[in-house]
Structures are given as structure tokens and as C-alpha cells.
Amino acid sequence: MKKGLLNNPMKLAFAAMTPLLLAGCFESNRSTAQLCENYPQICQKLNVRDGQCRHERTDLIWKRYDVIKKDSDLNKFDELLLTKKYAKCMELAAQIETTTLKSKKTLRTEALFHAYDAIDSIEQKLKSSYQPSIIYYRWTQGDNEALEQFLKLEETEYLDTPELQLGLATYYVDKDKEHTIKLLLKALSYYDGRAGETREKAIPDVVKSLATANHSIGKLDDAYMWALVGGELGLPIAKEAQLKLLYPMADSRRATIADIAKDIASEIEDGDFEKGLLLQLATLGDPT
């Protein structure tokens, strides 16, 4: 650096700001339309002037831009999932007859086939990825080699998320119910309480699976408790009369389990679930 710059704090401050100013000039994509104008390749064949699937299309376009900025496996995987979401929407939209412009149906069909091609292309690019979430996805698509890779990660920190522990549990559910329950409880312990897809998808599936798995091996107190936890979390459960038929017990025992369920549901919502509360069920003894 030149000596004159070192001796002039104002010049030094301006020099530090310059890259930020330049970045601001280049990051001029203030709208999806502007982004498509600057990067037409990410918007081509997406039927951008169609009102159908607008939200799915917008999310996909911006994710494609993220991939341009950082071409990582995880960004490409997000692009894949958003492309599949867009394709699912377009499958319905392509069937819609438009009364004012018949050509729209053809454009929607073309956009749908473009989405299918994009899905195939991204899946091929991710075929050798070592990202656990991508390995799990490949297994769910029928890749047995990916299943072997996934199972090898079971005792590692790479699967320490609710979604991936739930994925492991689905593998064991018909093989080892006790191990399945252990994995489902681990899934809850990794949930941090934040809203998002984990809260909307994984956690309800974990809670429902815990109720089902415990019921199948005769742990009826646990099954009843997890059903009540589901109710506390807003999941649809059987009516109280049906639960009483499924799980006959003294009213005092039912009230105690209900209290435990409320505490566990609160812990889950706060992202603080620990298995300690479950020990309270063991102290109840056999139902009378």
C-alpha cells in the first residue's frame, strides 16, 4: 500500500468501502424481472409471464441465482427441491384450459418438460455428492448404494438433525422398533425450536411415529402420551372417547400422563426436549 494512503485516514476508509460500493453496483437485481434481464439463462423456458405457479417459479429463479453465486452441492440440492416443487405445480397448471389464449397451455407444457429435464440434470450432477442430506435423498429415490452410504453415517455427527434421524428411523421401523424409538427421540433432541420446514414436516412425523411405534410394541402409556403430545402441538388425533377405548386406565393415571404430555410438548416447542420427562412414565408402574 502506498505511504500516502497510510497517512490519510479518509483515503484509507474510502479504499475499504470501495469493494462494497462496487458489489452494490453489480448486485442490482432488485426484482425478479431485473434478475431475469441480467441473467436470462436462469429464467428461460420457465413461462415467466404466466400467472400460474408464480411463487414456485420466483423461488426457483432466485435459487438458480444463488447457484450462480456459489455452485455448491447444497445450493444445487435446494435448486433440485424447488424445481420439483415448481414441476408439481406446473403439472396442474398445464392441464388448465385458457379461454383467451390457447397458446398458454402449450407454453405451460413446454415449461413442465423443461422442469423435468432440469431435475434429471441436477440429479446427475449430485450423484457423487457426499452431503448426508443428498445421500438420503438418493436413497429415497431408490438408490441402494446411497442407502449403504447413509447407514455408515449412523453413529456420526453428520446425521445429527431431526430430518436425518427421522430418515434413519424409517429404515429401522420394520426391523427394530426399540431402535426406531431411540432414533425418533434423538430427532426431537436435535430440534432447536425454530420455525420452518423442520417444524412443519419432520416434527409432526416424529411425534406420530413415536405414538405408532410405542403402540405396536405394547408400550401403551407411552403411545397414549405421544398421542396427547401431538394434540398439544396441533396435530389431528383421535377424539377423547376413542383414546379412552384404546388406552383404558384410571382417571388419575390419565391426568398424570396428560400433564407429562403438556410438559414434553412445551419442551419440543422451545427446542429443549430431553428424555428426562419420560422417566416419569416409568414411575407410574403397571396400569391397574
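For the protein chain, the name recorded in an unreviewed UniProt entry is DUF2989 domain-containing protein, with Grimontia kaedaensis as its organism.

Trainee: For this particular structure, what's the right way to read the packing of helix α9 (residues 162-172) against helix α11 (residues 197-216)?
Mentor: Between two packed helices, the angle of one axis relative to the other and the distance separating the axes together describe the packing. As a packed pair, α9 and α11 sit with axes 10 Å apart at the nearest point and diverge in direction by 35°. By crossing handedness, the relation of α9 to α11 is classed as left-handed. On α11, the residues touching Pro 162, Glu 163 and Leu 166 of α9 are Thr 198, Ala 202, Ile 203, Asp 205 and Val 206. Each residue belonging to the contact of α9 with α11 can be placed in one class, and the counts come to five nonpolar, one polar and two charged.

Trainee: Help me understand the packing of aromatic side chains in this model?
Mentor: Aromatic rings in a pair are described by how distant their centres are and how their planes are angled relative to each other. Counted according to the given criterion, the structure contains 11 aromatic pairs. Site record: aromatic cluster; members linked through ring pairs are Tyr 136, Trp 139, Phe 150, Tyr 171 and Tyr 172. The residue whose ring lies beneath Arg 254 is Tyr 224, and the NZ or CZ to ring-centre distance is 5.2 Å.

Trainee: What's the story with the state of the cysteines in this structure? I'm lost.
Mentor: One covalent bond between the sulfur atoms of two cysteine residues makes up a disulfide. All chains considered together, the criterion is met by two disulfides. Shown here is the disulfide that connects Cys 36 with Cys 43, its sulfur atoms set 2.1 Å apart. Taking the sign of the S-S torsion, about -85° here, the bridge from Cys 36 to Cys 43 comes out left-handed. Like Cys 43, Cys 36 is buried. Paired by a disulfide, Cys 53 and Cys 89 hold their sulfur atoms 2.1 Å apart. Between Cys 53 and Cys 89 the disulfide shows an S-S torsion of about -95°. By sign, it is left-handed. Here Cys 53, found in the loop between α3 (32-38) and α4 (54-69), pairs with Cys 89, found in helix α5 (residues 73-93); they are 36 residues apart in sequence, far enough to count as distant. Residue Cys 53 shares its accessibility class with Cys 89, and that shared class is buried.

Trainee: I keep staring at the nonpolar core and nothing clicks. Help me out?
Mentor: Here is a general trend for soluble globular proteins: nonpolar side chains tend to be buried in one another's company. Counting residues in hydrophobic clusters, the biggest one holds 48 residues, and the most contacted among them are Leu 188, Val 207, Met 225, Trp 226, Val 229, Ile 264 and Ile 268. Broken down by secondary-structure element, the contributors of at least two residues to this core are α7 (132-140), α8 (144-152), α9, α10 (177-189), α11, α12 (220-232) and α14 (251-270). Residues contacting Val 229, with those up to four places away along its chain left out, are Val 207, Ala 261, Ile 264, Ala 265 and Ile 268.

Trainee: What exactly am I supposed to notice about the side chain of Lys 63 here?
Mentor: In this structure, Lys 63 sits in helix α4. For Lys 63, a relative accessible area of 14% translates into the label buried. Setting aside residues up to four positions removed in sequence, Lys 63 forms contacts with Asn 75, Asp 78, Glu 79 and Leu 82.

Trainee: Looking at this structure, I do not really get the environment of Leu 147. What am I missing?
Mentor: Among the secondary structure elements, Leu 147 is positioned in helix α8. For Leu 147 and Ile 135, which are 12 residues apart along the polypeptide, the C-alpha to C-alpha distance reads 7.5 Å. Contact partners of Leu 147, with chain neighbours within four places excluded, come to Trp 139 and Tyr 171.

So, how was this worked out
- Sequence order as written defines residue numbering, which begins from 1 separately in each chain.
- Whole-chain, interface and lining totals are the exception, using all residues; otherwise, since this is a predicted model, local features are given only for residues with pLDDT of at least 70 and side-chain atom pairs are given and counted only at 80 or more.
- Hydrogens and water molecules were not included; the side-chain quantities draw on all heavy atoms of the structure.
- Note on geometry: axes are lines fitted to C-alpha atoms, helical ones only across the stretch in contact, with angles between N-to-C directions running from 0 to 180 degrees.
- By definition, any uninterrupted DSSP run of H or I lasting at least four residues is a helix, any uninterrupted run of E lasting at least two residues is a strand, and each is numbered from the N terminus.
- Note on convention: near helix rotated counterclockwise from far helix by under a right angle means a left-handed crossing. Clockwise means right-handed.
- Contacts between residues were defined by any pair of non-hydrogen atoms, one from each residue, lying within 4.5 Å.
- Each residue gets one of three labels, nonpolar for Ala, Val, Leu, Ile, Met, Phe, Trp, Tyr, Cys and Pro, charged for Asp, Glu, Lys and Arg, and polar for the others, Gly among them.
- Each aromatic pair joins two rings of Phe, Tyr and Trp (for Trp, the six-membered one) with centres within 6.5 Å, and gets the label stacked for planes under 30 degrees apart, edge-to-face for over 60, and tilted for any other angle.
- Only when the NZ atom of a Lys or the CZ atom of an Arg is both within 6 Å of the ring centre and within 35 degrees of the ring normal do we say a charge sits over the ring.
- Two cysteine sulfur atoms form a disulfide, by the criterion used here, when they sit within 2.5 Å.
- In this scheme, a residue with accessible area under 20% of its type's maximum is buried, one over 50% is exposed, and one in between is partly exposed, where area comes from a 1.4 Å probe on protein chains only.
- Remark: nonpolar core denotes a set of buried residues (Ala, Val, Leu, Ile, Met, Phe, Trp, Tyr, Cys) joined through side-chain atoms within 4.5 Å.

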